[in-house]
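Next come the chains, spelled out residue by residue.
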Amino acid sequence: MSVSETPAPAAPRAPASRPELSIVVPVHNEADNLPLLVERLKQVLDGAVTSWELVCVDDGSRDGSLAVLRLLAAQDRRVSAVSFSRNFGKEIAIAAGLDHASGDAVVIMDADLQHPPETILLFLEKWREGYLNIYGQRSDRDGETRLKRNFAKVFYRLFARFGETELPEGAGDFRLLDRKVVDALRALPERARFSKGLYAWVGFRSTGVSFDVAEREHGVSKFRYRTLFSFAFDGLSSFSTVPLKIATWAGVMIALMAALTALFFVLRTLFFGTDLPGFPSLIVSIMFFSGIQLVSLGMIGEYVGRIFAEVKRRPLYLIGERVGFDARTVDHPRGDALPPLIR
Ligand code: UDP
Ligand code: MG
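The sections below set out a description of the structure shown in this document. (Residues numbered from 1 in each chain as written. Chains lettered and ligands numbered in written order. Predicted model: local features only at pLDDT ≥ 70, side-chain atom pairs only at ≥ 80, totals over all residues. Heavy atoms only, no water.)

1. Re the overall build of the protein
Then step 1. The secondary structure content of the protein amounts to 10 helices and 8 strands.
Then step 2. Expressed as a percentage of its 343 residues, the buried residues of the protein come to 43%.
Then step 3. Residue pairs in contact within the protein that sit at least 24 positions apart in sequence constitute 85% of those at least 6 positions apart.
Then step 4. Taken as a whole, the protein presents about 18500 Å² of accessible surface, with 63% of it coming from carbon and sulfur. (Helix = DSSP H or I, 4+ residues; strand = E, 2+ residues; numbered from the N terminus. Buried < 20%, exposed > 50% of the residue type's maximum accessible area, 1.4 Å probe, protein only. Contact = heavy atoms within 4.5 Å. Areas by Shrake-Rupley, 256 points an atom, 1.4 Å probe, with all protein chains shown as cover.)

2. As for the pattern of salt bridges
Then step 1. The full count for this structure, using the stated rule, is 12 salt bridges.
Then step 2. Of the charged contacts in the structure, one is a salt bridge between glutamate 321 and arginine 70, with a shortest N-O distance of 2.9 Å. In this pair, glutamate 321 is assigned in strand 8 (residues 319-323) and arginine 70 in helix 2 (residues 65-75), connecting sequence segments 251 residues apart.
Then step 3. Ionic pairing is found between lysine 126 and glutamate 129, a salt bridge with its closest N-O pair at 4.0 Å. Separated by 3 residues within a single helix, lysine 126 and glutamate 129 lie in helix 4 (residues 119-129), roughly one turn from each other.
Then step 4. What makes glutamate 129 partly exposed here is its relative accessible area of 47%.
Then step 5. Among the ionic contacts, a cluster of salt bridges with common partners joins Lys42, Asp46, Asp76 and Arg78. (Salt bridge = Lys/Arg side-chain N within 4 Å of Asp/Glu carboxyl O.)

3. Brief notes about the nonpolar core
Then step 1. Within the largest apolar cluster, 36 residues are counted, with the highest numbers of intra-cluster contacts made by Leu21, Ile23 and Ile120.
Then step 2. Considering every element that reaches this core, the biggest residue donor is helix 1 (residues 34-45), with 6 residues.
Then step 3. Apart from the residues within four sequence positions on either side, isoleucine 120 is in contact with Leu21, Ile23, Leu41, Leu45, Val107, Met109 and Phe174.
Then step 4. Core analysis: the next-biggest nonpolar cluster, separate from the first, contains 28 residues, Val57, Phe88, Tyr317 and Ile319 among them. (Core = buried A, V, L, I, M, F, W, Y, C linked by side-chain atoms within 4.5 Å.)

4. Examining the coordination of the magnesium ion (ligand 2)
Then step 1. Within the protein, the magnesium ion (ligand 2) binds to Asp112 (OD) and Gln114 (OE1); these donor distances fall in the range 1.8 to 1.9 Å.
Then step 2. Relative accessible area serves as the criterion here: at 22%, glutamine 114 is assigned to the partly exposed category. (Donors = N, O, S within 2.8 Å, 3.2 Å for Na, K, Ca; no water.)

5. Here we look at the pairing of strand 1 (residues 21-27)
Then step 1. Taken across its 7 residues, strand 1 has 7 buried, putting it largely inside the fold.
Then step 2. Residues Leu21, Ile23, Val25 and Val27 line one face of strand 1 and the alternating positions Ser22, Val24 and Pro26 line the opposite face, and both faces are buried.
Then step 3. One ladder, built from 7 bridges, connects strand 1 with strand 2 (residues 52-58); its direction is parallel. Paired with leucine 21 across the two strands is tryptophan 52, which belongs to strand 2.
Then step 4. Of the crossover connections in this fold, the one passing from strand 1 over helix 1 to the parallel strand 2 is right-handed. (Pairing = 2+ DSSP bridges. Right-handed = clockwise from strand over helix to strand, strands pointing away.)

6. Looking at the packing of helix 1 against helix 2
Then step 1. Contact geometry for helix 1 and helix 2: axes closest at 10 Å, N-to-C directions at 35°. Taking contact as the criterion, the partners of Leu34, Pro35 and Val38 in helix 1 are, on helix 2, Ser65, Val68, Leu69 and Leu72.
Then step 2. When its residues are assigned to classes, the contact of helix 1 with helix 2 shows 6 nonpolar, 1 polar and no charged. (Axes fitted to C-alpha atoms, helices over the stretch in contact; angles between N-to-C directions. Nonpolar A, V, L, I, M, F, W, Y, C, P; charged D, E, K, R; others polar.)

7. Overview of the environment of isoleucine 254
Then step 1. Looking at the secondary structure, you find isoleucine 254 in helix 9 (residues 242-272).
Then step 2. Sequence spacing of isoleucine 254 and isoleucine 292 is 38 residues, and the spatial spacing of their C-alpha atoms is 8.6 Å.
Then step 3. Contacts of isoleucine 254, omitting those with residues within four sequence positions, involve Phe288, Phe289 and Ile292.

8. Observations regarding a nonpolar patch on the surface
Then step 1. On the surface, Leu260, Leu263, Val266, Leu267, Leu270, Phe271 and Phe272 cluster together into a nonpolar patch covering about 830 Å² of accessible area.
Then step 2. Here leucine 267 shows up in helix 9.
Then step 3. We classify leucine 267 as partly exposed; its relative accessible area is 41%. (Patch = residues over 30% accessible without salt bridge, like charges linked within 9 Å, V, L, I, M, F, W, Y side chains within 5 Å.)

9. Considerations on the sheet that holds strand 2
Then step 1. In space, the 8 strands of this open sheet follow the order 7-5-6-4-1-2-3-8, with mixed pairing throughout. The sheet terminates laterally at strand 7 (206-211) and strand 8, the two strands that pair on one side only. Neighbour-to-neighbour, the strand axes of the sheet open up by a mean angle of 20°, direction not taken into account.
Then step 2. Relative to strand 4 (residues 105-108), strand 1 runs parallel, the two being bridged by 4 bridges. Bridging from a neighbouring strand, leucine 21 pairs with alanine 105 of strand 4.
Then step 3. Packed on one face of the sheet, helix 1 meets strand 1, strand 2 and strand 3 (79-84) and runs near 160° to strand 2.

10. Overview of unusual backbone geometry
Then step 1. The backbone phi angle of asparagine 29 is positive, close to 55°, even though this residue is not glycine.
Then step 2. Secondary-structure assignment places asparagine 29 in the loop between strand 1 and helix 1.
Then step 3. Residue classification places asparagine 29 among the partly exposed residues on the basis of a relative accessible area of 26%.
Then step 4. With a phi close to 70°, phenylalanine 204 is a non-glycine residue in the positive phi region.

11. Points about a positive patch on the surface
Then step 1. On the surface, a cluster of positive charge is made up of Arg146, Arg149, Lys153 and Arg157.
Then step 2. Examined against the element boundaries, arginine 157 turns out to sit in helix 5 (residues 146-162).
Then step 3. Using a relative accessible area of 61% as the deciding quantity, one classes arginine 157 as exposed. (Lys, Arg positive; Asp, Glu negative; His and termini not counted. Charge placed at Lys NZ, Arg CZ, Asp CG, Glu CD.)

Structure (structure tokens):
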């Protein structure tokens, strides 16, 4: 039962088949981790909640994760899976997971057991106290390389300074969201999904719970620096228009400087005449301004590119297969059927 007293105004649902808690897990080549994850979740959740389900989103795995998921779903009806037609990325996998989860609360966690399942109990405690948006805060970043840590630090500083929403320090995707928050997130239509920013943007009563990041159980991390960089840029550009303003301001300042320089040259010529055919200054200023123009154009291009991505209205993801949802299709949280295969 959700902590909120007001019943959901949406179409009536059959409460029996709606679990109290859904666990959403994005999966990309995690075949070795999945059985262990289900085992640990069973240990932690049986007894802690009246009912739960696990919704795995197979994000184009190539290591047989889907086969493992089929097996797990056959063994336990609480396990279900959605499989993408290709790799769409973790952010989108989470969005698909939220679309398919039907619980009163949804926990998002990684498949590699770096997010300790025991922390879910702390999340549940906060949820029962009345918090709707509960985020896990990693207490340390020891397990990461120094470069990655510094990169994160710079990013958070930039975001704190220029971003339009406040990001809690060290908060990631490991969190518990009340049904209200999930529905709010699902109503956001944007394609460039920087979910950390979106979680903060939707608001609701929020609090943090700190946890220690465990070692990855099997396999290797799937994030490379290039992905991280583009992820950071997505975050900054979808939550801030400052890059656009920087270009404008730099343009204005340099134009002013150019006007002053021009004035200086005019006056000097008037009083002292020309002794040099101002060739160097000409070349320098042409190069300088070309550079500035290119920078500004590039900035604008970044935003235009994002506008382009949004207006194309492509589906966020394509589903190749669903496993273990047959019993649930009738009873979706929004009172309608599950989203069609193409959304
Ligand atoms: N993941 C995903 N799609 C991707 C990359 C990763 O769904 O394209 C999943 C992955 O299976 C894991 C989670 O996202 O459950 C976090 O990935 P990973 O552990 O590689 O990242 P890190 O812990 O290094 O940040
Ligand atoms: Mg990991």
